[in-house]
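If you want the building blocks of each chain, they are given just below.
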Amino acid sequence: QIKPDYGDAHYIFCLMLMLIGRTDEAVAHYRKALVIQPADEGAHFNLGLLLAGMGQTDSAIAHFRQSLALARSANAGARVKRIKEILAQIDTSAD
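Per chain, residue numbering runs from 1 following the sequence as it is written. pLDDT decides what is reported in this predicted model: residues at 70 or higher carry local features, side-chain atom pairs at 80 or more are listed and counted, and totals for whole chains, interfaces and linings draw on all residues regardless. Note that water and hydrogens are dropped before the side-chain values are worked out from all heavy atoms of the structure.

Caption draft 1: Quick peek at the overall build of the chain. Strands here mean DSSP runs of E at least two residues long; helices mean DSSP runs of H or I at least four residues long; both are numbered from the N terminus. Summing up its helical and strand segments, the chain has five helices and zero strands in all. When the elements of the chain are put in sequence order from the N terminus, they spell out α-α-α-α-α. Burial here depends on accessible area, computed with a 1.4 Å probe over protein chains only, as a share of the maximum for the residue type. Under 20% is buried, over 50% is exposed, and the range in between is partly exposed. Going through the 95 residues of the chain one by one, you find that 37% of them count as buried. We call two residues contacting when some pair of their heavy atoms lies within 4.5 Å. Considering only contacts within the chain whose residues lie at least 6 apart along the sequence, 44% involve residues at least 24 apart.

Take a look at the structure:
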C-alpha cells in the first residue's frame, strides 16, 4: 500500500512499474506524484518519456517543457540534452 500523500513513494513505484512494462499504471502514479509534488523535475521527465512512447506527443512535450523549466538537479544537463533529442525526433516524425 502506497501512502497516498507521499509523492516520493509514487515516484519510486512508477520506476518499478516502468521496468516491468506496466506503462498505464506508471502514468497514473506519475500523475498522482505530480499532484503531490508538482515541481518534481524527474517525474515530469519520466512521464514525458512514457507519454511519448505511447504516442501522446502533446502531453509528452508539455511534461518535457516543465522538466526543463525545473531543471536544477545534478543530472539536469543530461536530461536537457535527452529532452532536446526527443523533441527533435518528435518534430521530425511530425513532418
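Caption draft 2: Spotlight on the side chain of Asp40. Looking at where Asp40 falls in the secondary structure, it is placed in the loop between helix H2 (23–36) and helix H3 (41–53). Within the local environment of Asp40, its side chain forms a polar contact with the backbone nitrogen of Ala43, the two atoms lying 2.9 Å apart. For this analysis, a polar contact is any N or O atom pair within 3.5 Å, provided that within protein one partner can donate a hydrogen and the other can accept it, and provided that sequence-adjacent residues contribute only side-chain to side-chain pairs.

Caption draft 3: Here's a closer look at the packing of H2 against H3. Convention adopted: a line fitted to C-alpha atoms gives each axis, helices being fitted over their contacting stretch, and angles between N-to-C directions are expressed from 0 to 180 degrees. Closest axis-to-axis distance for the H2/H3 pair is 10 Å, and the angle between their directions is 150 degrees. Our classification of the angle between H2 and H3 gives roughly antiparallel. By crossing handedness, the relation of H2 to H3 is classed as left-handed. Along the contact surface, H2 presents Thr23, Ala26, Val27, Tyr30, Arg31 and Leu34, while H3 presents Ala43, His44, Asn46, Leu47, Leu50 and Leu51. Its residues placed into classes, the contact of H2 with H3 shows eight nonpolar, three polar and one charged. Just so you know how the angles are binned, under 35 degrees is roughly parallel, over 145 roughly antiparallel, 65 to 115 roughly perpendicular, and the rest oblique. The sense of a crossing depends on the near helix, which, turned anticlockwise from the far helix by less than a right angle, makes the crossing left-handed and, turned clockwise, makes it right-handed. Amino acids are sorted into nonpolar (Ala, Val, Leu, Ile, Met, Phe, Trp, Tyr, Cys and Pro), charged (Asp, Glu, Lys and Arg) and polar (every other residue, Gly among them).

Caption draft 4: Quick peek at the nonpolar core. Core analysis: the biggest nonpolar cluster contains 19 residues, and Tyr30, Leu47 and Phe64 have the highest contact counts within it. Breaking this core down by element, the ones donating at least two residues are helix H1 (7–19), H2, H3, helix H4 (57–70) and helix H5 (76–94). Residues contacting Leu47, with those up to four places away along its chain left out, are Val27, Tyr30, Arg31, Leu34 and His63. We define the nonpolar core as a collection of buried residues of types Ala, Val, Leu, Ile, Met, Phe, Trp, Tyr and Cys that are connected through side-chain atoms lying within 4.5 Å of one another.

Caption draft 5: Spotlight on H4. Here H4 is 14 residues long and its end C-alpha atoms lie 20 Å apart, about the 20 Å a rise of 1.5 Å per residue gives. Of the positions making up H4, those classed as buried are Ala60, Ile61, His63, Phe64, Ser67 and Leu70. Multiply 1.5 Å by the residue count of a helix minus one, and that product is the helix's expected span.

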